[in-house]
Each structure stands twice: as C-alpha cells, then as structure tokens.
Amino acid sequence: MFCVPHITCKMQVSYMHQKKMIRCLLFISLLIHSTLGKKSVVAPPSQKWLTLNGKQPLVIARGGFSGLFPESSSFANQMAVSLSLRDTALFCNLQLTKDGIGICLSDIRLDNSTNIALVYPKGQKTYDVNGKEVHGWFALDYTIDQLFNNVSLTQGILSRPSLFDLQSPISTIEDVTGIKPAQFWLNVQYDSFYNQHKHSPASFVEKALRLMGINYVSSPEIGFLKSMNGKVNKAKTKLIFQVLTADEIEPTTNKKYGSLLQDLASIKSFASGILVPKEYIWPVQANKYLGETPTSLVSDAHKQGLEVYASGFANDLLGSYNYSYDPTNEYLQFVDNSEFSVDGVLTDFSPTASEAIGCFANNKNVSKPVKGKALIITKNGASGIYPGCTDLAYQQAVDDGADIIDCSVQMSKDGVAFCSDTADLIGDTTAMTGFISRSVTVPEIQSKAGVFSFDLTWSEIQTLKPQIASVYQDFQRNPAYKNAGKFTTLPEFLELTKAKAVSGVLINIQNAAYLASKKGLDIVGAVNTALSNATFDKQSTQQVLIQSDDTSVLSKFMNVPTYKRVLLIEEKIGDAPKQPMEEIKKFADAVAIARSSIILMNDFFTTAMTNVVAEFQKANISVYVYVLRNEYITLAFDYFSDPIMEIATFVDGVGVDGIITEYPGTASKYIRSPCTNTDKPQYNILPAQAGSLLSLVPPEVQPPAAAPLPPLEASDVVDPPLPPVAKDTAAAIPAPATPTVAPSSAPANVASVCLSVVSIVVLALLFSMGY
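Residues numbered from 1 in each chain as written. Predicted model: local features only at pLDDT ≥ 70, side-chain atom pairs only at ≥ 80, totals over all residues. Heavy atoms only, no water.

All told, the structure shown has 3 disulfides when counted by the stated rule. Each sulfur of the disulfide joining Cys359 and Cys675 lies 2.1 Å from the other. A torsion of -95° about the S-S bond marks the disulfide between Cys359 and Cys675 as left-handed. Of the two residues, Cys359 sits in helix α15 (residues 350–360) while Cys675 sits in the loop between α26 (664–671) and α27 (757–768), which places them 316 residues apart along the sequence. Summarising the burial analysis for this pair, Cys359 and Cys675 share the class buried. In this model Cys407 forms its disulfide with Cys419; the gap between the sulfur atoms is 2.0 Å. Its torsion about the S-S bond being -105°, the disulfide of Cys407 and Cys419 is classed as left-handed. Here Cys407 is found in strand β13 (residues 404–411), whereas its partner Cys419 is found in strand β14 (residues 417–419), with 12 residues between them in sequence. Here Cys407 matches Cys419 in class, with each residue buried. (Disulfide = S-S within 2.5 Å. Helix = DSSP H or I, 4+ residues; strand = E, 2+ residues; numbered from the N terminus. Buried < 20%, exposed > 50% of the residue type's maximum accessible area, 1.4 Å probe, protein only.)

Put into structure tokens, the structure is as follows:
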C-alpha cells in the first residue's frame, strides 16, 4: 500500500517528540488569545498584473518557511501556510528512501540538513550523481522507519537560527500535503540518479497524483517531464522545467541549460512553464549592481505561452546594492516593473514575498499616511544609501518620504556649524588620510583617539570627502557612491528643508559644555541664530525638534513654544519610574530611546517587551526609537531578516510615536502601504510578539537569561548648567554667515494583527498528531 510504511513509523514516535508535543500544548492559551484578535483577509483586488495570465504572482515557499526553521519541518510548513498569502504553494524537493517513500529535502545528501552523520557515523557513501562524484549520506540507503525514528532536521545555513535543530523529524510528502496547503509543488531533481538505483520517481509521482493534490511537478530533467506527459491532468497539474545554472549539463540532452533556453518553443512542447534562477532575468554584475536592463527571457517565454517562475530568493543572502538591504525591493524588481512580471517567486521567506506582492506592488502613487501614524525621522538623512549628512543623503530622504530630516550639528575651529554624525570625523569622512597627524584623545567625548571637527577650520574640513558608514565590513553600503555628495552647513540644511517643504527638522546638539568651556565655541548660540535667520522661530508650518542628551541644552530653547524638545537617552533602561519622568517633563516633550530599551534581545532572539514606552506615553511624553537599519545582521530572528517586520513591530506592535532610521524609504514603504491603512488588507504584516519565537525552543538549549536592565534614574536626566563660553580661544570666531543653498549634486530622480508565532506552530503540531 502506498502509505503504509509511513503510517507504521508514525505509531513509533520517539519520546523526544512526545516531550516536544507536551511542551507546545502549554501554549494553547496563547492560541486562543491570538485567534480572538485575528482579522479577516480580503481576496486580492482585480488589478492587472504583467504575468502571463494577468493574475497575481504566486508565492512558492521552498521547504516551507525554511529561512527560519529547518527545511520542510512541520514548523516550517505550517508557518509558511499561516503567514503567507492565501494561495501560497509549498515546495518540496523529492528524495526517495530505500523502501520507496518520498521525503522532502532539497539536497540529495542528508548530512547537509539532518544529524544523520551522528546517528549513522559509518553510513557515508560515494555515488555518481549526473556525472559528478558526491560524498555523503543518501536517503536511498535508509528505510523511512530508520530515518523518522532516529534522524532529526537541522538548519543548513549558518546565518539562520540553530536552536530549532533536532526538534523535528524528516517530513514525508504526505506530511506536507496533510496540512492542506492551498497549493503543493513537487520538484523531482534526481530522476536519472534514482532510476540507476532501481527507484522510479515517475512511478512514485504517478501514484501520488492519484492520492493527493499536486498542483505543480517540476524537474531539471527533460526525460522525466516528457515521461509525465499524458500521465498528468493538465487542468489540475502543471509541468515545469527547472533550469539550473547556464553551464550545467541537462542529463537527457547533454546540452547546457543556457543553450536550452534559446529554444523556448521546444520547451513549450513538454512543459507549461520554466523555473529559473533569478539571475537569468535580472543579472547582477561583478560589482554587485544590477545590469541596466533585464534580459528578454520573461517576455520571450510569455510570447511562447510559457509561465516564468524565478528562484533563489532569500532575505539573508547578500544581493545587489540596488536593493539597499530591503528584501522587498528585490521582489518588486521582478513583479512590479513596467515591462513584465514573473509568474511566481520561489523563496525561503514566504512572508516577505507575500508582503511585497500583497502590500507594496502596484503602489507607487500612494499618498501620505493617515494622521496619527508614527513619524519617519532620519538618522543623518538617508545615510544607508549615501554618505550621511550630505546633500545627496538629504535629497534622498526627501524623495523617500521622510517626515523629519535631521542635522547633528558639529562646529569647526572657526565657528562654522555644519551637519555630521559625530565630532570625530574619522568615521564619516576621509580625515584619516589627510589629518591623521591631528588625531588626539578627548576623554570628555570618547575614549579612542579621533580627528575632531573643532580642531579643523571649515576650509580644512572642505578639503575632505564624505564617507559612507557601514554597520559591518561585509555589509557595504552603495560603494559606488562611497565618497559622493557635499558637506552641508546648518544654514544650508535649513534652507534645503524649507525649499523641499518637508514636514519638519530635527536638530541634534552634542558636546555643548565641552565646546563652550574648552574650545570657546557656542554651539547653542549658533543653532539659535541659524534657526532665527531661517525664520523657523516665527512659523508653525514645519515642526522643529531640538534633540540633546543634555537637559541644560534643551532648557535654552524653552523660549520658543513651537519648538519640540527631545531628550536623547543613550543608556539602556528597563523601566521609567515616576520621579525621573517628572524631571524629564521639565525640559523635554519627547524622548529618543534605543531599540534595546524597548524590546529585549538575547542571542538574536527577542525575549520580552519593557513597559518603557507605555510609561512615557502615559506621562504625555512622546517616544522615538533609534536606530533602525535594513541589514539583516542588525535584526532579531523574530523579524524574519526583514526590516519591514521590525518597523511593524515598533509602529503597530509597540506604538512608538516615531522611528529614527538610516533607511527612510523602507519605513515610508510600510507606513504608506494600503496594508497598514485599511481595516481589510489583502495581507496582514504581523508585528513580532517578543519572546514567542524563543519560547518554542526547549529550555535546556535556550541561551542563559540576560541580566535585567536598570531603571532610569533622576541622576541620569538632570545635567549641570552649561558653562560660559571661554574667551581665550585659539582663533577668532566669526559669526556664521547664511550662505545660499548650493545646487544639489544628487542624480536625477530616477493593519496589523499580533498573531502569535507560537500559536501557529501549536496548530501545526496538533494537526500532525491528528488532534
């Protein structure tokens, strides 16, 4: 009988798996709680897409949600179904066991995604697989009972969480179809290999088609696809030709896959579509930028009546710099351009593909968000795309829809106020090469040596070039524009914001006491004068936010009632008691606090949410969270390597009043999306629930608990009065002039529901046990 061996092993569930079920059943109360808040999702609108059939592109989940959980585990499959667009297809790579049972794993070698090498240490073999010698552990050497009862799945990609390893057995085809996905895609990658060892994938698929719903059958082997013609009901099941890399050899024809694509008419004779690596459509050049134009593959295939599915999408793979580390940008490149749309995307992160297609595609002319949404506040302009605080970064921020653009004010030796992230110019300019001899240590500002703006004249600073900052060495930002743009003086910045009619400005003031007492520089006076000269103190159309970590600085701006004062809290805090909040209210209307003071993290998992935001807001103090970035290495696993998820969590999960970000375009995309501005979105972008993902991990393998964060103290808030400006300066300090705005060097403008992750997995486990 087709499924008897699998049923037999189901009755022999190991004690470990029973313990896992008992543990997960403890979360039933969370399941009930999240279900009560669930919103209905409306059917896709009848908009026209540039796909072959004019319908919405298909999201195909490779091994379920394999970007987070081990591939094709019950966790991964149920998560993909629950967190993706309703018609999402689950993708299974077929492998056959010794007794002919089909299991789902992408690699023919089991040791890349399971612990089989530890269970059967002497089981390694070498086989010829399509002309290549391959060493490892192979499914065809083990029965399904041996695999199911003894072998567990592991995560095969190091950038993904390993704490879910050894929690799930290998899934059979029946396991995957048993959760009743909207669509199921079966990929047969090694037909010739299995036939050489007296297993017939074609016979297996033919039987499976009679017993379960299979919507797509794909293979990179033309012989297999031709053998299936006449055996599939083409009204129910599509045959898809999987194209491998251009130089690989197709086993049936012995031709390279690249050359086979030159004859699409022949492919149409045995397949209704092609599944190709995304590089066939949008090539990435050696410098990691996209080519100027796509290839004609999609258009040519559509003319032949072939659907085109693109593969290779994953949030945690370093792609083209054009995408600015926002994975939704990559999906939109393939589904939302004026020339074509692929018919589907094969991805390890189906929730991200779903939000791109369901929320962001066909959404270019969206209006400003509804009133009351969180402010988008820049950090040095769009500093994730261009060098921070340059004309390019500010123009990009305006184009991206930032509400508030910022200037962190620094002072030159001769008293010119300009915008730069810190007084130390080494990180954001080329000062290291030109002025290393002027490097000094200033303990009042930082512990390490630096080249400081207040030791250089403005003319000396202008000899430097801006330099884009990166969070990590391997995560370069837009290197083609590494030193692009011009430095911006404070008056130039203010004039730019008026000319561009942005909603407001944030002026950040640092080191005021040191500059006054040690350098004879009046940074507070320079800011006041610049704001007054630009008439910001005489209007209320554009917001003015004055930010500082020094309450004495903020007190100097209390005479202008339209200014909003923001206290920057650099310390990590776990609580905001009444007394320090009362002190803050004497000086500030808002606070800027770090992400880590709002949502606690341990080993890249969120663990809990503090009450800090609620406490400040209860005291009528607005809360801005800093600094949000796109690079997945800066994100907790709970955010699915997707910066949109982090934004959704802080905006709609926590409810902050503003987000301070280096990528305002990403924040703007989310806040202006119809999915966040309607009661019945096509797709729900779910805020993460702090600690829910980690709670799925057995206690014995969880990371040690972190020490609790200290509460905010009144002594952390109140600063001594500013010292008088010293008179014995090394150079005369002229009053800063108000220069005209220099022409920009910018290039031409080219509802959430807090559904618990735990609840979804509980459902998966219950279904798998037959509850």
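That covers the picture; the talk isn't over yet.
Now for the pattern of salt bridges. A complete count under the given rule lists 24 salt bridges for this structure. One salt bridge in this structure joins Asp455 and Lys519, with 3.1 Å as the shortest N-O distance. Here Asp455, found in the loop between α17 (431–434) and α18 (458–461), pairs with Lys519, found in helix α20 (residues 512–519); they are 64 residues apart in sequence, far enough to count as distant. Take Asp455: its relative accessible area is 17%, and that puts it in the buried class. Overall, Lys519 belongs to the partly exposed group, its relative accessible area being 27%. In this structure, the salt-bridge partner of Glu662 is Arg629, at a minimum N-O distance of 3.0 Å. Of this pair, Glu662 sits in the loop between β22 (658–661) and α26 while Arg629 sits in the loop between β21 (622–628) and α25 (643–654); the two residues are 33 residues apart in sequence, bridging distant segments of the chain. The buried category is assigned to Glu662, whose relative accessible area is 7%. What makes Arg629 partly exposed here is its relative accessible area of 23%. Connected through salt bridges with shared partners, the residues Arg62, Glu71, Arg160, Asp316 and Asp348 form a single ionic network. (Salt bridge = Lys/Arg side-chain N within 4 Å of Asp/Glu carboxyl O.)

One number sums up the size of the largest cavity: a volume of about 150 Å³. Lining the largest cavity are 14 residues; nearest its centre among them are Asn315, Leu317, Gly319, Tyr325 and Asp326. For the lining of the largest cavity, the per-class residue count stands at 7 nonpolar, 5 polar and 2 charged. (1 Å grid on protein atoms, 1.4 Å probe; cavity = no way out; pocket = protein on both sides within 12 Å on 5 of 7 lines; lining within 4 Å. Points joined across faces, edges and corners; volume = space filled by probe spheres on them. Nonpolar A, V, L, I, M, F, W, Y, C, P; charged D, E, K, R; others polar.)

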